[in-house]
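# Descriptive structure summary
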Amino acid sequence: MGEEDYYLELCERPVHFEKANPVNCVFFDEANKQVFAVRSGGATGVVVKGPDDRNPISFRMEDKGEVKCIKFSLENKILAVQRTSKTVDFSNFIPDSSQLEYTQECKTKNANILGFCWTSSTEIVFITDQGIEFYQVLPEKRNLKLLKSQNINVNWYMYCPESAVILLSTTVLGNVLQPFYFRAGTMSKLPKFEIELPAVPKSTKLYLSERDIAMATIYRQLYVLFLRHHSRTSNSTGAEVVLYHLPREGACKKMHILKLNRTGKFALNVVDNLVVVHHQDTETSVIFDIKLRGEFDGTITFHHPVLPARSIQPYQIPVAGPAPVTSQSPVPCKLYSSSWIVFQPDIIISASQGYLWNLQVKLQPIVNLLPDKGRLMDFLLQRKECKMVILSVCSQMLSESDRATLPVIATVFDKLNHEYKKYLDAEQSYTMAVEAGQSRSSPLLKRPVRTQAVIDQSDMYTHVLSVFTEKKEMPHKFVIAVLMEYIRSLNQSAIPVQHYVHELVIKTLVQHNLFYMLHQFLQYHVLSDSKPLACLLLSLESFYPPAHQLSLDMLKRLSTANDEIVEVLLSKHQVLAALRFIRGIGGHDNISARKFLDAAKQTEDNMLFYTIFRFFEQRNQRLRGNPNFTPGEHCEEHVAFFKQVFGDQALMRPATL
């Protein structure tokens, strides 16, 4: 398979740590995304590495027995280490504070600590087999204060740091899950819910394992993902992933089912709001997007993989060591290895090889794997880094080799402009709220974020349409149809069309001498009135004489300042067009001769200069009975230039009666 066939890859710069071995134990902290390599219980060193910090934290600690769990608080202020089933030890990593360890025993008698989670830089939760204990750590006093506790039988627990929710597995079968939410010193109990098991087991031993549960935020909503190895319906083969939506308020609800159509060992990741399901037996992965339309049965939406199953892109492990040694070729990494451990949302760790990777989605290969352009756009518009890929899809569907039909092109434009309009509306609402002074009374008011899914007219013009109209091999009827389709789509979304899009249409029509069509477009207001458009029409007069009148009509409708139009035309060196325009509105007796002569001289066209000079001589003769310029007009240098080029005899003589 070529590189363009893989849509998943491991990040280029993984976190490298010492491999797990009998002397070195490896731990992962899902909140800080840090890997701890603990040698000899910490006596010969602890090295902590995270994906963002390239400077690892190294320290030693006394070997007080086997380390069961080790994690830093947020911001790496306090280290917590669990060595026994009853206590957790703490060390301050705050400058100028005591380095002495302090210990906290769990409050519940006969309880065993299953683990702990930091919820802030000074708040920690102990999870025991008999409940949950929420503490505030006081580093300067070197002790802990119990904030809240709850008794409940616990089989296992799971923590989602992004949403600060801890999930506890309760009851004999383990399928009743109790969530708790933590925020700024408070612990809230959310409604518990039951995971439906494929068939009610006869035995009374723990059935639901933490291996089959994951928690992740997808499209800003928290979901509990349950990997059900056998469907509840007997006629359906293969495993499925059931998504339960866990809201901050209200009951948890089963929302989506992802059909895997295969059995075996699976692992789950969430990358860029996509659920990625890895299948160890076939060494492939599939992706699901719950925003794409699925089959809805009235309560649950069923989804199938967006794309065919593919392996993660082959990965080469760079050989570490001194420069002369590293010239040897990199070693291929064993993908889907049984030593891989997957963490949410996008982390894959190989403890035996000593690597932590972030899983990434490659969008470009997906373009060729998803032939339905409408569905492809729905998919791409939800991705973080989508802009350049979307623009490349638009260019591709307008190319000679992959030309799409007009209905397909229209669908794509409509989807893009729908997102564009949403952003414009949000921006407008925000501006109005700020102007109304609501920002002071409502601190929650935030400026809308412009995501890469917002493809505006300048993006389309620069990257797609202007390039497309330059293609000589394209039939001009198709070019015009595409441009008109884009304008229709903008109008349909109530987005004002920018003048440069209209200019592109006019230039294309003029290029192919389709003046009758241009006339119709203007007459029926297909092309909206604008000053730049009127100026463009004025400049077309030499090719198409009626353009002059069409332009004047447009300017009258706009009731724009005439001086401004003259300035625009002069700046474009359209000196004759400017003069004709001024004559057309009857303002030629009051205009500055010097301004027009300056502009004519800048064109370096002597005949044009002659024409303009002669016009003003005739005006002077008509108004004052003398062709000469008065000193107040400051035209001396232009008179001198005229004499130099055409001679004294070319000057007009005063008319004698």
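Just so you know, these numbers come straight off a predicted model, no measurement behind them. (Residues numbered from 1 in each chain as written. Predicted model: local features only at pLDDT ≥ 70, side-chain atom pairs only at ≥ 80, totals over all residues. Heavy atoms only, no water.)

### Considering the overall build of the protein
- Helix and strand content of the protein: 16 helices and 33 strands.
- By the compact-globule yardstick of 26 Å for 657 residues, the protein is too spread out, its C-alpha radius of gyration being 36 Å.
- Taken along the three principal axes of its C-alpha coordinates, the protein extends 125 × 65 × 65 Å.
- With 657 residues in all, the protein has 50% of them scored as buried.
- Residue pairs in contact within the protein that sit at least 24 positions apart in sequence constitute 52% of those at least 6 positions apart. (Helix = DSSP H or I, 4+ residues; strand = E, 2+ residues; numbered from the N terminus. Rg over C-alpha atoms; globule rule 2.2 N^0.38 Å. Buried < 20%, exposed > 50% of the residue type's maximum accessible area, 1.4 Å probe, protein only. Contact = heavy atoms within 4.5 Å.)

### Focus: the sheet that holds strand β26 (residues 284–288)
- Across the sheet, which stays open at both edges, the three strands sit in the order β24-β25-β26 with antiparallel pairing between neighbours. The sheet is open, and its two borders are formed by β24 (266–271) and β26, each paired with just one other strand. Looking at each pair of strands side by side, their axes are set apart by 25° on average, direction ignored.
- With six bridges connecting them, β24 and strand β25 (residues 274–279) associate as antiparallel partners. (Pairing = 2+ DSSP bridges. Axes fitted to C-alpha atoms, helices over the stretch in contact; angles between N-to-C directions.)

### Some details on the sheet that holds strand β4 (residues 34–39)
- On the basis of which strands lie adjacent, the open sheet formed by four strands has the order β3-β4-β5-β6 and antiparallel pairing. With one partner strand each, in any of the chains shown, β3 (24–29) and β6 (57–59) form the two edges of the open sheet. Geometrically, the sheet is characterised by an average inter-axis angle of 15° between neighbouring strands, direction not taken into account.
- Across three bridges, strand β5 (residues 46–49) lies against β6 in antiparallel orientation. Its bridge partner lying in β6, Val 47 is registered against Ser 58.

### Re unusual backbone geometry
- For the peptide bond that leads from Gln 344 to Pro 345, omega is 0°, which places it in the cis range.
- Mapped onto the secondary structure, Pro 345 falls in the loop between β31 (340–343) and β32 (347–350).
- At Asn 110, a position not held by glycine, the phi torsion is positive, near 60°.
- Tracing the backbone shows Asn 110 in the loop between β10 (102–105) and β11 (113–118).
- A positive phi angle, close to 60°, is found at Glu 604, a residue other than glycine.

### Description of the packing of aromatic side chains
- Here the structure, examined in full by the defined rule, presents 27 aromatic pairs.
- Between the aromatic rings of Phe 28 and Phe 343, the centroid separation amounts to 4.5 Å while the plane-to-plane angle is 45°, which identifies the pairing as tilted. A residue pair is termed long-range when its members are at least 10 positions apart, and Phe 28 in strand β3 and Phe 343 in strand β31 qualify at 315 residues.
- Overall, Phe 343 belongs to the partly exposed group, its relative accessible area being 23%. (Phe/Tyr/Trp six-rings, centres within 6.5 Å; stacked < 30°, edge-to-face > 60°.)

### Focus: the confidence of the model for the protein
- The predicted model of the protein averages 87 in pLDDT, with 93% of residues at 70 or higher.
- Here residues 321–326 is modelled with pLDDT under 50, and outside its nearest four sequence neighbours on either side it reaches three contacts, counting other chains as well. (pLDDT = per-residue confidence, 0-100.)

### Here's the deal with the pairing of strand β14 (residues 143–151)
- With eight bridges joining them, strand β13 (residues 131–138) and β14 adopt antiparallel strand pairing. When the sheet's bridge partners are listed, Tyr 135 is paired in β14 with Leu 146.
- What sits between the antiparallel neighbours β13 and β14 is a turn of four residues, in which Arg 142 has the positive phi angle 55°.

### So, helix α8 (residues 499–511)
- Under the 1.5 Å per step criterion, the end-to-end length of α8 is 18 Å for 13 residues, consistent within 8% with the ideal 18 Å.
- Those residues of α8 lying buried are Tyr 500, Val 501, His 502, Glu 503, Leu 504, Val 505, Ile 506, Thr 508, Leu 509 and Val 510. (Expected span 1.5 Å × (residues − 1).)

### Some details on the pairing of β10
- Residues Tyr 102 and Gln 104 of β10 are buried on one face, while the alternating residues Thr 103 and Glu 105, pointing to the opposite face, are not.
- As judged from the four bridges shared by strand β9 (residues 87–92) and β10, these two strands associate in the antiparallel manner. From the neighbouring strand, Val 88 faces β10, where its bridge partner is Gln 104.

### Some thoughts on the environment of Glu 470
- Turning to its location among the elements, Glu 470 is positioned in helix α6 (residues 457–470).
- The sequence separation of Glu 470 and Thr 508 amounts to 38 residues, and the corresponding C-alpha distance is 9.0 Å.

### Description of the domain arrangement of the protein
- Here the protein is partitioned into domain 1 (1–13 + 209–315 + 334–361), domain 2 (18–159) and domain 3 (562–656).
- Taken over C-alpha atoms, the centre of domain 1 sits 29 Å from the centre of domain 2.
- Taking both partners together, domain 1 and domain 2 bury about 1,200 Å²; carbon and sulfur atoms supply 72% of that area.
- Among the residues of domain 1 in contact with domain 2, Arg 13, Glu 210 and Met 215 are the three that bury the most area, contributing 33% of the side total.
- Where domain 1 packs against domain 2, one counts zero salt bridges. (Domains from an automatic or database assignment. Buried area = accessible area lost by both parts, 1.4 Å probe. Salt bridge = Lys/Arg side-chain N within 4 Å of Asp/Glu carboxyl O.)

### Brief notes about the pattern of salt bridges
- Summed over all chains, the structure comprises 28 salt bridges.
- Of the charged contacts in the structure, one is a salt bridge between Asp 456 and Arg 450, with a shortest N-O distance of 2.8 Å.
- Given the relative accessible area of 39%, Arg 450 is considered partly exposed.
- Taken together, the salt bridges that share partners define one network made up of Lys 64, Arg 83, Asp 89 and Glu 101.

### Some words on the side chain of His 279
- Locating His 279 in the fold gives a position in strand β25.
- With relative accessibility at 4%, the residue His 279 sits in the buried group.
- For His 279, the side chain forms a polar contact with the side chain of Thr 282, separated by 2.8 Å.
- Ignoring anything within four residues of it in the chain, the contact list for His 279 reads Arg 262, Thr 263, Gly 264, Lys 265, Phe 266, Thr 284 and Tyr 336. (Polar contact = N/O pair within 3.5 Å; in protein donor to acceptor, adjacent residues only side chain to side chain.)

### Details of the packing of helix α2 (residues 373–380) against helix α4 (residues 406–435)
- Taken N-terminus to C-terminus, the directions of α2 and α4 make an angle of 15°; their axes are 9 Å apart at the nearest point. One finds that α2 runs roughly parallel with respect to α4. Considering the relative orientation of α2 and α4, their crossing is right-handed. Only Val 408, Thr 411, Val 412, Lys 415 and Leu 416 of α4 make contact with α2, whose side of the interface consists of Lys 373, Gly 374, Met 377 and Asp 378.
- Split into classes, the residues belonging to the contact of α2 with α4 amount to four nonpolar, two polar and three charged. (Parallel < 35°, antiparallel > 145°, perpendicular 65-115°, else oblique. Left-handed = near helix turned anticlockwise from the far one by under 90°. Nonpolar A, V, L, I, M, F, W, Y, C, P; charged D, E, K, R; others polar.)

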